[in-house]
Amino acid sequence: MAQAAAPHAEAVATGITGNLTMAIGGAGAALGVGMVGSKAVEAVGRNPGAFGNILTLGIIAMALAEGLGIIAYLGGF
């Protein structure tokens, strides 16, 4: 009976590890996107004339942060 439970326990432990990895990666990506957006709005408030440049850099930075979240998601499988 103990041997039959061992493969199941290993599968459960592997699933928990993968889910935890995806959760941490997703949370990190969400925090990164939020911080970039917050700072971009703050920068536009301080210098409205640089709106276009700030928007471009903000979109690039958000895409990179989301890319890391997607990599963490795919790495969890």
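In this report, we go over the structure that sits alongside the text.

Procedures and definitions
- Residues numbered from 1 in each chain as written.
- Predicted model: local features only at pLDDT ≥ 70, side-chain atom pairs only at ≥ 80, totals over all residues.
- Heavy atoms only, no water.
- Helix = DSSP H or I, 4+ residues; strand = E, 2+ residues; numbered from the N terminus.
- Buried < 20%, exposed > 50% of the residue type's maximum accessible area, 1.4 Å probe, protein only.
- Areas by Shrake-Rupley, 256 points an atom, 1.4 Å probe, with all protein chains shown as cover.
- Patch = residues over 30% accessible without salt bridge, like charges linked within 9 Å, V, L, I, M, F, W, Y side chains within 5 Å.
- Salt bridge = Lys/Arg side-chain N within 4 Å of Asp/Glu carboxyl O.

So, the overall build of the protein
Then, in step 1: Secondary structure assignment for the protein yields 2 helices and 0 strands.
Then, in step 2: By the burial criterion, 17% of the 77 residues in the protein qualify as buried.
Then, in step 3: Accessible area of the protein: about 5,700 Å², with a carbon and sulfur share of 74%.

A word on a nonpolar patch on the surface
Then, in step 1: Together, Phe51, Leu55 and Ile59 give the surface a local cluster of nonpolar side chains, amounting to about 290 Å² of exposed area.
Then, in step 2: Tracing the chain through its elements places Phe51 in helix 2 (residues 51–75).

Remarks on the pattern of salt bridges
Then, in step 1: Following the criterion strictly, the structure yields 2 salt bridges and no others.
Then, in step 2: Of the charged contacts, one joins Glu42 and Lys39 as a salt bridge, the two residues approaching to 3.6 Å between their closest N and O atoms. Note that Glu42 and Lys39 are positioned in helix 1 (residues 2–46) at a spacing of 3 residues, about one turn of the helix.
Then, in step 3: Given the relative accessible area of 52%, Lys39 is considered exposed.
Then, in step 4: Notably, a salt bridge pairs Arg46 with Glu42, separated by 3.5 Å at the nearest N-O pair. Here Arg46 pairs with Glu42, and both are found in helix 1, just 4 residues apart, close to one helical turn.
Then, in step 5: With a relative accessible area of 68%, Arg46 lands in the exposed category.
Then, in step 6: Given a relative accessible area of 34%, Glu42 falls into the partly exposed group.

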